[in-house]
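The lines below spell out each chain.
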Amino acid sequence: MTEFRLFNTLSRAVEPFAPADGDIVSIYSCGPTVYNPAHLGNFRTFLFVDLLRRTLQLRGWRVNQVMNLTDVDDKIITRAVEQGKRIREVTEPVSEIFFADRDYLRIQPAETYPKATDYIPQMIALVERLVASGTAYQAEDGSVYFAIGRFAGYGRLSRLDTREVRSGARVAQDDYTKENAQDFALWKAAKPEDEQVEAAWDSPWGRGRPGWHLECSAMAIDLLGETLDIHAGGIDLIFPHHEDEIAQSEAATGKQFARCWCHGAFLLLDGTKMAKRLGNVKTVKDLREQRIPAAAVRHLIFSTHYRKELNLSEEALEGSIEAVRRVGQFKERLDDALGGTAELGEAADAAVAATSEALFDDLNAPEALAALFTFVRRGNAELDREGAEPEALDRAREAFARIDSVLDLVPDVEEEDPRLVAWVEERLAARRAARESRDFAQSDAIRDELKEQGIILEDKAGATQWRRAR
RNA sequence: GGCGCCGUAGCCAAGUGGUAAGGCUCGGGACUGCAAAUCCCGCAUCGUCGGUUCGAUUCCGACCGGCGCCUCCA
């Protein structure tokens with residue numbers, strides 16, 4: 001079996017990876033803050049984690065993945081105050097959209113989606129451990145902070161020990177109660193608006209709410225144990241989020257928090273980071289309105305290595321739509337074929353070997369795609385020869401299924417308006433009649449008529465198939 | 001200011017110290033009544049300038065260009 005290798009942000013190197021217990025890989029991946037529907041930048045990261053978990057499964061391991069839903073934070077509270085709602089009334093509908101978008105993109109569900117607000121007791125317990133060990137303190141403002149100066153390893157993940165804080169007024173004015181400007185809040189003292197939107201809980205330090213970093217540590221430890229195999233997220237989370245998670249978790253448990261840290265690069269739109277505050281976001285809803293197949297989105301995301309920035313462009317997306325159309329057609333031909341050739345079997349074996357090797361080498365999906373398309377081209381050529389070996393055909397079908405179990409690139413058949421279908425069928429019947437009487441002028445006129453309505457015909461051996469042009 | 005990433009054909013994008021995978025587009029051909037689909041053929045010397053080397057796109061340095069983190073952030 002090929003060695004499985006992953007880039008570990010801790011070492012900044014590609015390293016051999018295997019789960020600690022030998023069978024199940026525990027993964028914690030940072031999920032969405034549910035105040036607004038996630039955009040494609042967020043989903044690039046979620047698709048990267050999807051690629052990771054599917055590849056781990058291809059390798060033969062089982063996966064136990066936890067993805068949190070952050071359902072209490074500043075932005076949610078602000079939104080709730082604006083709309084005169086309780087935070088639940090903001091977060092629940094947005095969570096539903098998240099799950100629907102996830103399903104549309106065929107992202108395999110994680111095993112657990114804990115909500116931060118369901119883990120308040122675990123978070124309080126974690127803070128108590130930190131206060132008891134002397135790494136956390138309650139400040140004058142009532143909030144509890146983590147003292148980074150009392151945790152030796154602080155900065156290891158982000159290499160913060162080698163950086164310095166930019167000169168100038170970066171430190172907020174209200175930070176005067178902290179020991180160190182970079183100490184981060186574990187537990188935030190409640191403000192009146194927090195109470196108003198039901199975002200405050202009782203604690204040993206008074207009414208308050210959890211800090212953002214705290215929720216991930218508490219839920220990860222509760223659901224997956226004190227040491228995770230993999231902790232994944234977007235590259236922007238390295239600092240401070242993941243750095244702080246490491247600090248509070250390891251200060252509390254005395255154990256390594258995550259064995260491997262994996263971070264995905266950004267999705268750019270028009271050359272700049274896609275971000276809500278910049279206004280240059282695209283959402284899954286936008287894609288669906290443009291009739292972009294989910295498979296094409298997957299293809300586009302996987303066509304760039306996960307650690308490299310990806311610039312979303314209309315042209316690239318069109319290319320992916322076409323690429324994925326070919327994949328779907330190849331799958332169809334495999335399904336319909338009656339036999340194969342020896343060379344088809346060979347192409348299938350080569351494809352499985354090449355895609356596995358690529359994926360097991362730090363999730364090199366672009367290279368896996370190259371191998372897939374080599375299989376598609378060679379496979380189509382062999383299918384053109386109409387071989388009669390059922391065993392070779394079976395091998396090809398299995399190979400395709402195995403590769404596609406990770407990439408999942410076969411586009412869905414679109415549902416069409418029944419009225420359109422009826423009209424097309426009527427025109428096709430007329431065209432068939434014309435062709436049977438060898439009236440090709442009439443036949444071509446009908447085809448042009450259909451083409452004007454965006455319908456493309458393919459005369460196959462048995463019947464004429466049609467599809468929508470883009 | 002500190003830390004870091006990227007720059008490969010019209011577009012997207014792998015990769016290697018020994019003369020560049022794959023996809024889209026484009027051109028030519030086969031197949032087809034004609035198309036479509038499919039297949040075949042063709043299409044780059046790897047940002048610039050130096051250096052190391054028998055040999056660099058791949059290593060080192062400088063420069064130019066683009067981007068990110070350092071503050072909420074996938």
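Because the structure is predicted, anything quoted here is derived from the model rather than measured.

Engineer: If you had to explain the packing of helix H10 (residues 314–336) against helix H13 (residues 390–407) to someone new, which residues and values would you point to?
Structural biologist: Close contact between H10 and H13 brings their axes to 10 Å; oriented N to C, the two are set at 145 degrees. Crossing of H10 against H13: the hand is left-handed. Across the interface between the two elements, Val327, Phe330, Lys331, Leu334 and Asp335 from H10 touch Leu393, Ala396, Arg397 and Phe400 from H13. The residue inventory of the contact of H10 with H13, partitioned by class, reads six nonpolar, no polar and three charged.

Engineer: So what's going on with the confidence of the model for chain A? Residues and values would help.
Structural biologist: With 96% of its residues at a pLDDT of 70 or more, chain A has an overall mean of 92. A low-confidence stretch, residues 162–175 stays under pLDDT 50, and its non-local contacts, those more than four residues away or across chains, total six contacts.

Engineer: Summarise the packing of helix H4 (residues 120–133) against helix H7 (residues 238–253); cite the residues concerned and give the values.
Structural biologist: Close contact between H4 and H7 brings their axes to 9 Å; oriented N to C, the two are set at 70 degrees. For the element pair H4 / H7, the angle class is roughly perpendicular. Once H4 is placed against H7, the crossing between them reads as left-handed. Here Leu126, Arg129, Leu130 and Ser133 of H4 come into contact with H7, specifically with Gln248, Ala251, Ala252 and Thr253. Here the contact of H4 with H7 is composed, by residue class, of four nonpolar, three polar and one charged.

Engineer: Explain H10 residue by residue, including any values.
Structural biologist: In this model H10 runs 33 Å from its N-terminal to its C-terminal C-alpha over 23 residues, within 8% of the 33 Å that 1.5 Å per residue would give. Taken as a whole, H10 has its buried residues at Leu317, Ser320, Ile321, Ala323, Val324, Val327, Gly328, Phe330 and Leu334. Residues of H10 that are buried sit in contact with helix H8 (284–289), helix H9 (294–302), helix H12 (365–384) and H13.

Engineer: Requested: an account of the packing of aromatic side chains, with residues and values cited.
Structural biologist: The final tally for this structure, using the stated rule, is 18 aromatic pairs. Here the aromatic rings of Phe43 and Phe98 are separated by 5.9 Å at their centres, their planes lie at 15 degrees, and the arrangement is stacked. Of this pair, Phe43 sits in helix H1 (residues 40–58) while Phe98 sits in helix H3 (residues 87–104), placing them 55 residues apart in sequence. The exposure classification of Phe43 matches that of Phe98, with both residues buried. Ring pairs connect the aromatic residues Phe43, Phe46, Phe98, Phe99 and Tyr113, which therefore count as one cluster. Stacked on the ring of Phe7, the Lys or Arg Arg307 has its end atom at 4.0 Å from the ring centre.

Engineer: Report on the pairing of strand E2 (residues 13–16), specifying residues and quantitative values.
Structural biologist: Relative to E2, strand E1 (residues 5–8) is paired through four bridges, and the arrangement is antiparallel. Each residue of the ladder has a partner; that of Leu6, found in E2, is Glu15. In sequence, E1 turns back onto E2 through a hairpin of four residues, with Arg12 there showing a positive phi of about 55 degrees.

Engineer: Account for the domain arrangement of chain A, with residues named and values stated.
Structural biologist: Accessible area lost during the coming together of the parts is what is often quoted as the interface size. Its domain assignment divides chain A into domain 1 (5–164 + 173–269), domain 2 (292–407) and domain 3 (418–468). Domain 2 and domain 3 are separated by 30 Å when their C-alpha centres are compared.

Engineer: Quick rundown of the sheet that holds strand E11 (residues 267–269)? Include the residues and the values.
Structural biologist: One open sheet accounts for three strands, arranged E12-E11-E13; its pairing is mixed. Two strands in the sheet have a free side with no partner beyond their single neighbour: strand E12 (272–273) and strand E13 (310–312).

Engineer: An account of the nonpolar core is requested, with residue identities and associated values reported.
Structural biologist: Core analysis: the largest hydrophobic core is formed by 79 residues, its most contacted members being Leu6, Phe17, Leu56, Ile230, Phe375 and Leu407. Element by element, the count of residues in this core is highest for H1, at 10 residues. Domain assignment of the residues forming this core places at least three in each of domain 1 (5–164 + 173–269) and domain 2 (292–407). Apart from residues lying up to four places away in sequence, Leu407 is in contact with Leu51, Arg298, Phe302, Leu369 and Leu372.

Thresholds applied
Residues numbered from 1 in each chain as written. Chains lettered and ligands numbered in written order. Predicted model: local features only at pLDDT ≥ 70, side-chain atom pairs only at ≥ 80, totals over all residues. Heavy atoms only, no water. Axes fitted to C-alpha atoms, helices over the stretch in contact; angles between N-to-C directions. Helix = DSSP H or I, 4+ residues; strand = E, 2+ residues; numbered from the N terminus. Left-handed = near helix turned anticlockwise from the far one by under 90°. Contact = heavy atoms within 4.5 Å. Nonpolar A, V, L, I, M, F, W, Y, C, P; charged D, E, K, R; others polar. pLDDT = per-residue confidence, 0-100. Parallel < 35°, antiparallel > 145°, perpendicular 65-115°, else oblique. Expected span 1.5 Å × (residues − 1). Buried < 20%, exposed > 50% of the residue type's maximum accessible area, 1.4 Å probe, protein only. Phe/Tyr/Trp six-rings, centres within 6.5 Å; stacked < 30°, edge-to-face > 60°. Lys NZ or Arg CZ within 6 Å of the ring centre and 35° of its normal. Pairing = 2+ DSSP bridges. Domains from an automatic or database assignment. Core = buried A, V, L, I, M, F, W, Y, C linked by side-chain atoms within 4.5 Å.

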